[in-house]
Amino acid sequence: MNSSEQGPETIKPAPSRRKASRGRTAAPKTASFDTIAADAETLSAQITRLRDQLFHPETRKELRPFSSAEAAKLLGVTDSYLRHMARSGEGPEPERLGGNRHAYRLEQIHALREQLARKGGAKAKVILPGRPAGEPAQIIAVANFKGGSGKTTTTIHLVQHLAMRGFKVLAVDLDPQASLSSLLGYQPETDVGSGETLYGAIRYDDPRPIGEVIRPTYFAGLDLVPGNLELHEFEHETPRVLVEDGPQTPFYTRVATSLDAVSRDYDVIVLDCPPQLGFLTLGALCAATGVLLTIHPQMLDVASMSQFLLMTADLMDVVRRAGANVEFDFFRYVFTRYEPRDGPQAQVTAFLRNLFADRVLTNAMVKSTAIADAGLSKQTLYEVGREGMTRTTYDRAIESLDALNGEIEDLIRAVWEARDAR
């Protein structure tokens, strides 16, 4: 019998290599609360070990010195003028490096800024920025309820940029994951105790003054209210208080009331909101004078942002009718992880610019391996410098950051100037 005459029962299918190589799938092992708890403990211990490898356990993070060229750029003068000042003994003594190079600590750059401002005449306000006398701090909420939108990356580079530019800045970590705190040198599991986050200052039972939870950082001019998992307590307590405890200071005013006690100690306060639209985020929005909404320019993220805006509008309308102030000096969309050569991303950015016009910032945070590489050692691009990186990659990324943060700085200045003119 030839092959064409064989019945179907005699045809043997070729063996499946995929099935043969995989074999029978083993039954999954059971998991429980103990599994999760053990994994959490293991991961936390490993993160602590990695941090101790990067930074000695007895020390804190320390900011690198800046080259004279970097210092000159921050001060708005030429490198040659800064070298002239050093030779003539004006200002703090720079660190002497090999090859006739100088370096300055950020504290020294601030001292030079004050010195230049004293003889700067009309340019003094540019050299030494700050809020006009009598004005409270600008409070900026960085928000989105979708994780991975670049919210904390935007926040950390913004607060560091403003501090380097001479502003007095307070960063407030409202995210229980506390990535901002970790980047600024405070490990949430080990360095931040009970009542030492903003929750300690806004809790319903025996709140403490916010000054007691503010910590200095290694960045001169930048302080921090750290975060950790206890921030979740505010989300759990507020519904109970609303139902059981009767009249209280409304939840939506507690962040603003707390910050008001220190608002005149700072020029800018930046709130890194949690990736959810809960009571903490609403409190931050009610405290804010400006809002930055981070958005990764892809359609799924845009659809998610649409839901965020709808929910936010509904909830803000509720608190507005209850008496909250929901007016902002500015509300802007910030593109993050932006890839200029990505066609679909270019279409999304054009789509949103057409819809929202000048409410979309002109500059974006460009996706860069330089930012990711810096993050491996819990640093930012402003901290690592050009050494050890491909210079063209670093320069493109730093140019993008400076342009974006400079645009936000201009918004802050414009608000103050408009009020000052009145």
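What you are looking at is a predicted structure, and each value in this text was computed from that prediction instead of being measured.

(A) Seen up close, the overall build of the protein. The number of helices and strands found in the protein is 17 helices and 10 strands. Counting only carbon and sulfur atoms, one obtains 53% of the accessible surface of the protein, whose full area is about 22,000 Å².

(B) Spotlight on the packing of aromatic side chains. For the coordinates displayed, the defined rule picks out 9 aromatic pairs. Between phenylalanine 331 and tyrosine 333 the ring centres are 5.4 Å apart and the planes differ by 80°, which places this aromatic pair in the edge-to-face class. Taking the relative accessible area as the measure of exposure, phenylalanine 331 reaches 22% and is therefore partly exposed. The class of tyrosine 333 is buried, set by a relative accessible area of 6%. Ring centres of tyrosine 333 and phenylalanine 356 lie 4.7 Å apart, and the angle between their planes is 20°; on these two criteria the pair is classed as stacked. Here tyrosine 333, found in strand 10 (residues 330-335), pairs with phenylalanine 356, found in helix 14 (residues 343-356); they are 23 residues apart in sequence, far enough to count as distant. Comparing tyrosine 333 with phenylalanine 356, the two get one shared label, buried.

(C) Looking closely at the sheet that holds strand 5 (residues 169-173). Strands sit in the order 6-7-5-8-4-9-10 across an open sheet of 7 strands; the sheet is mixed. The open sheet is flanked by strand 6 (215-216) and strand 10, the only strands paired with a single partner. Alignment of strand 9 (residues 290-295) against strand 10, held across 6 bridges, turns out to be parallel. Bridging from a neighbouring strand, threonine 294 pairs with valine 334 of strand 10. Those strands touched by helix 13 (residues 299-321) are strand 4 (138-143), strand 9 and strand 10, and its axis lies near 150° from that of strand 9.

(D) Region of the structure containing helix 3 (residues 68-75). Within helix 3, burial applies to Ser68, Ala71, Ala72, Leu74 and Leu75. Burial along helix 3 is one-sided: seen end-on, the buried residues are contained in an arc of 160°. Where helix 3 is buried, its residues meet strand 1 (66-67), helix 4 (79-87), strand 3 (101-104), helix 5 (106-118) and helix 7 (151-164). Downstream of helix 3 by one or two residues, glycine 76 has phi in the positive range, about 80°.

Calculation rules
- Residues numbered from 1 in each chain as written.
- Predicted model: local features only at pLDDT ≥ 70, side-chain atom pairs only at ≥ 80, totals over all residues.
- Heavy atoms only, no water.
- Helix = DSSP H or I, 4+ residues; strand = E, 2+ residues; numbered from the N terminus.
- Areas by Shrake-Rupley, 256 points an atom, 1.4 Å probe, with all protein chains shown as cover.
- Phe/Tyr/Trp six-rings, centres within 6.5 Å; stacked < 30°, edge-to-face > 60°.
- Buried < 20%, exposed > 50% of the residue type's maximum accessible area, 1.4 Å probe, protein only.
- Pairing = 2+ DSSP bridges.
- Contact = heavy atoms within 4.5 Å.
- Axes fitted to C-alpha atoms, helices over the stretch in contact; angles between N-to-C directions.
- Arc of directions from axis to C-beta.

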